[in-house]
Amino acid sequence: MNKIEKIFKTESEVADFGREIGRTCSRGTVFALIGDLGTGKTTLTKYIAEGLGVEESITSPTFNIVKSYYSGRIPLHHFDVYRLGSSDEFFDIGGEEYLDGDGVCVIEWADLISDVIPQDAKIIEITWPPCGNVDERIYKCLF
């Protein structure tokens, strides 16, 4: 796996990045998103969905834990595991079936269930730069 660090200064740059990885990902791809509140995990997911051709509006599945979208070229399963207390709870909701399925999974707060994230997952850690524009984000990508 390669480790790439990208600094995006605008949402337009994030949009281009997300759409590109959505267009080029394949069935079984898991994106593990890590970042504090407000760093843009759901925003990135929205653009990955656009790259997949998903037509529905993407919103955070905080209270549902997972939302699935089937209008794109590959099903998208969008997780927000912030409210889970453990990886066991991920299994209790049938999470492994999604990971082993034929869709693309995007998991927000993936660090909270890191022990169940597949070895080949595409890990994206989103942070703010130490100083600078509050609109900038640093994307540390491991894939």
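Structure: above.
Residues numbered from 1 in each chain as written. Predicted model: local features only at pLDDT ≥ 70, side-chain atom pairs only at ≥ 80, totals over all residues. Heavy atoms only, no water.

Caption draft 1: The overall build of the chain, seen in detail. When helices and strands are counted, the chain shows four helices and seven strands. Written out in order from the N terminus, the α and β elements of the chain read β-α-β-α-β-β-α-α-β-β-β. Over its C-alpha atoms the chain spans a radius of gyration of 14 Å, differing by no more than 12% from the 15 Å that the globule rule assigns to 143 residues. Overall size of the chain, expressed as C-alpha extent along the three principal axes, is 40 × 30 × 30 Å. (Helix = DSSP H or I, 4+ residues; strand = E, 2+ residues; numbered from the N terminus. Rg over C-alpha atoms; globule rule 2.2 N^0.38 Å.)

Caption draft 2: Layout of the pairing of strand β2 (residues 30–35). Burial of β2 is extensive: five of the six residues sit out of reach of the surface. Sheet topology note: the β2/strand β6 (residues 122–127) ladder contains five bridges and is parallel. In the sheet register, glycine 35 faces β6, and the bridge partner there is isoleucine 126. (Buried < 20%, exposed > 50% of the residue type's maximum accessible area, 1.4 Å probe, protein only. Pairing = 2+ DSSP bridges.)

Caption draft 3: Seen up close, helix α2 (residues 41–52). End to end, α2 covers 17 Å across twelve residues, agreeing with the expected 16 Å (1.5 Å per residue, within 8%). Considered for burial, the residues of α2 that qualify are Lys41, Leu44, Thr45, Tyr47, Ile48, Ala49, Gly51 and Leu52. Remark: glycine 53 follows α2 within two positions and exhibits a positive phi of approximately 85°. (Expected span 1.5 Å × (residues − 1).)

Caption draft 4: Looking closely at the nonpolar core. Of all hydrophobic cores here, the largest spans 24 residues; its most connected members are Phe17, Phe31, Leu44, Leu52, Leu76, Ile124 and Tyr139. Apart from residues lying up to four places away in sequence, phenylalanine 31 is in contact with Ile21, Cys25, Ile48, Val104, Cys105, Val106, Ile107, Lys122 and Ile124. Counting 17 residues, the second largest nonpolar core, distinct from the first, contains Phe79, Val81, Ala110 and Ile117. (Core = buried A, V, L, I, M, F, W, Y, C linked by side-chain atoms within 4.5 Å. Contact = heavy atoms within 4.5 Å.)

Caption draft 5: A look at the packing of helix α1 (residues 11–24) against α2. The N-to-C vectors of α1 and α2 enclose an angle of 45°; their axes lie 6 Å apart at closest approach. In terms of orientation, α1 and α2 fall into the oblique class. Relative to α2, α1 is oriented so that their crossing is right-handed. Residues Glu11, Val14, Ala15, Phe17, Gly18, Arg19, Ile21, Gly22 and Arg23 of α1 form the contact with α2, whose own contacting residues are Thr43, Leu44, Lys46, Tyr47, Ile48, Glu50, Gly51 and Leu52. Residues of the contact of α1 with α2, tallied by class, amount to eight nonpolar, four polar and five charged. (Axes fitted to C-alpha atoms, helices over the stretch in contact; angles between N-to-C directions. Parallel < 35°, antiparallel > 145°, perpendicular 65-115°, else oblique. Left-handed = near helix turned anticlockwise from the far one by under 90°. Nonpolar A, V, L, I, M, F, W, Y, C, P; charged D, E, K, R; others polar.)

Caption draft 6: Molecular detail of unusual backbone geometry. Here isoleucine 65, not a glycine, exhibits a phi torsion of approximately 75°, which is positive. If you trace the backbone, isoleucine 65 turns up in the loop between α2 and β3 (66–69). We note that tryptophan 109 has phi near 65°; this positive angle belongs to a residue other than glycine. Topologically, tryptophan 109 is positioned in the loop between β5 (104–108) and β6.

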